[in-house]
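Remarks on the overall topology
Chain residues, written in single-letter form:
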Amino acid sequence: MFVGIDLGGTNIAGGLVNGNGKLLEKIETPTLSERGSALVIADIVKLCKKLASREQVRAVGIGFPGFVDSRGQVLFAPNLGWQDVLLTPALESQLGLPVRVANDASVAALAEARAGVTSEFASSLFLTLGTGVGGGIVIDGKLWNGSRGAAGEVGHMVVGESLHNCGCGKNGCLEAFASATALVQYAAHLMENRPSVLPANPDARAVFAAARQGDEVASMAVERLIHYLALGIVNLINIFDPDAVAIGGGLARAGEQLFTPLRKAIAGNLLVPDLAMPPILLARMGNDAGIVGAAMLGADTV
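**Observations concerning the confidence of the model for the protein chain**
Low-confidence regions, as indicated by low pLDDT, have predicted coordinates that should not be scrutinised in detail. Of the residues in the protein chain, 100% reach a pLDDT of 70 or more, and the chain-wide mean stands at 93. In the model of the protein chain, strand S6 (residues 73-76) stands out as the element of lowest mean pLDDT, 83, in contrast to strand S13 (residues 280-282), which has the highest, 98.

**Let's talk about the environment of Asp300**
Along the chain, the position of Asp300 falls in the segment after helix H9 (289-299). Setting aside its immediate chain neighbours within four residues, Asp300 contacts Arg100, Leu110, Arg114 and Lys142.

**A look at the pattern of salt bridges**
Under the criterion given, the structure shown has eight salt bridges. Two residues, Arg263 and Glu256, come together in a salt bridge whose shortest N-O distance is 3.0 Å. Taken together, the shared-partner salt bridges in this structure form one network comprising Arg35, Asp43 and Lys46.

**Overview of the sheet that holds strand S7 (residues 85-86)**
In any sheet, the strands associate via hydrogen bonds between backbone groups, in a parallel or an antiparallel arrangement. Taken in spatial order, the three strands line up as S5-S6-S7 in an open sheet, and their pairing is antiparallel. Each having just a single partner strand, strand S5 (67-68) and S7 make up the two edges of the open sheet. Pairing between S6 and S7: two bridges, direction antiparallel. The residue of S7 that forms the bridge with Gln73 is Leu86.

**Section: the packing of helix H7 (residues 216-240) against helix H8 (residues 256-267)**
Helix-helix packing: each pair is described by the crossing angle between the helix axes and the interaxial distance. One can describe the packing of H7 onto H8 by two numbers: an axis separation of 9 Å at closest approach and a directional angle of 55°. Viewed along their axes, H7 and H8 adopt a mutual orientation that is oblique. Relative to H8, H7 is oriented so that their crossing is right-handed. Here Leu225, Ile226, Leu229, Ala230, Ile233, Val234 and Ile237 of H7 lie close against H8, whose contacting residues are Gln257, Leu258, Pro261, Leu262, Ala265 and Ile266. Looking at side-chain class alone, the contact of H7 with H8 contains twelve nonpolar, one polar and no charged residues.

**Side note on a nonpolar patch on the surface**
Side chains of Phe67, Leu75 and Phe76 sit close together on the surface and give an oily, nonpolar patch of about 250 Å² of accessible area. Tracing the sequence through the fold places Phe67 in strand S5. Given the relative accessible area of 35%, Phe67 is considered partly exposed.

**Regarding the pairing of strand S1 (residues 2-7)**
With five of six residues buried, S1 lies mostly within the body of the structure. Pairing of S1 with strand S2 (residues 11-17), which is carried by six bridges, proceeds in the antiparallel orientation. Its bridge partner being in S2, Leu7 is matched across the sheet by Ile12. Adjacent in sequence and paired antiparallel, S1 and S2 are bridged by three residues.

**Concerning the packing of helix H1 (residues 37-52) against helix H2 (residues 87-95)**
For the pair H1 and H2, interaxial distance at closest approach is 10 Å and the crossing angle is 45°. Overall, the two elements H1 and H2 adopt an arrangement that is oblique. Judged by the twist between their axes, the crossing of H1 over H2 is right-handed. For the pair formed by H1 and H2, the contact residues are Ile41, Ile44, Val45, Cys48 and Lys49 on the first element and Leu87, Ala90, Leu91, Gln94 and Leu95 on the second.

Cut-offs used in this document
- Residues numbered from 1 in each chain as written.
- Predicted model: local features only at pLDDT ≥ 70, side-chain atom pairs only at ≥ 80, totals over all residues.
- Heavy atoms only, no water.
- pLDDT = per-residue confidence, 0-100.
- Helix = DSSP H or I, 4+ residues; strand = E, 2+ residues; numbered from the N terminus.
- Contact = heavy atoms within 4.5 Å.
- Salt bridge = Lys/Arg side-chain N within 4 Å of Asp/Glu carboxyl O.
- Pairing = 2+ DSSP bridges.
- Axes fitted to C-alpha atoms, helices over the stretch in contact; angles between N-to-C directions.
- Parallel < 35°, antiparallel > 145°, perpendicular 65-115°, else oblique.
- Left-handed = near helix turned anticlockwise from the far one by under 90°.
- Nonpolar A, V, L, I, M, F, W, Y, C, P; charged D, E, K, R; others polar.
- Patch = residues over 30% accessible without salt bridge, like charges linked within 9 Å, V, L, I, M, F, W, Y side chains within 5 Å.
- Areas by Shrake-Rupley, 256 points an atom, 1.4 Å probe, with all protein chains shown as cover.
- Buried < 20%, exposed > 50% of the residue type's maximum accessible area, 1.4 Å probe, protein only.

This is the structure:
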């Protein structure tokens, strides 16, 4: 058995997961990150010990909302306010178990690859489309973190000159074109000069709904998002040549309104159109992806 921890800005979710990626038990506790890293780490330890009291646990994995290097040191976590925190050594010393830590989007990629929509494929890419754009890379069944643990930041590839800067402070990131934040910002920009059925402060769901009704502003905003998302995915396909690409996150709930034109745009921009395009799939692990993927990350230590 393995413990997976999905550490978020609001809650710490932990689960007991078997070697096949089946979630057997799940518990949560508030993160309360304002208390500082030491007390949050203490709560993670309590959660792990509670889960380990039920079954013999062999390793622990953590999905972390920030930048973690290959030693398990947190470099920066804006949602938690952490910087330069030695997370893995602290947990291993208190738990007496192997611990691995990776970015939360990366462990979600591993969850899909081991127990989700890409489990039939040896190599896959995963993108999560929400407030930002995250991702993960699985090669030959293993999560690829790069030489320093920073691989998979697909949202920060530069795909053009964007209207608004990315949350990272730079201009032109995929995240500044293809996130829910970017979709809403661009719709608001268009509404300055065009009539629309959208409310003054729409969310992404409202933009997609208005586009289905034929609203010009919403349709233009959705088309722009799909155009740049397709460019980003084409870049990834050209570099990695994966067996499949999975897409999750809040924007993926738009279903075929997103996926049908996205697949068409990707196919029209591939470098080698004579090669079969990898399937572009809707992720299926949902809210359990962080726990299951983290547990599978831990399983790879033993």
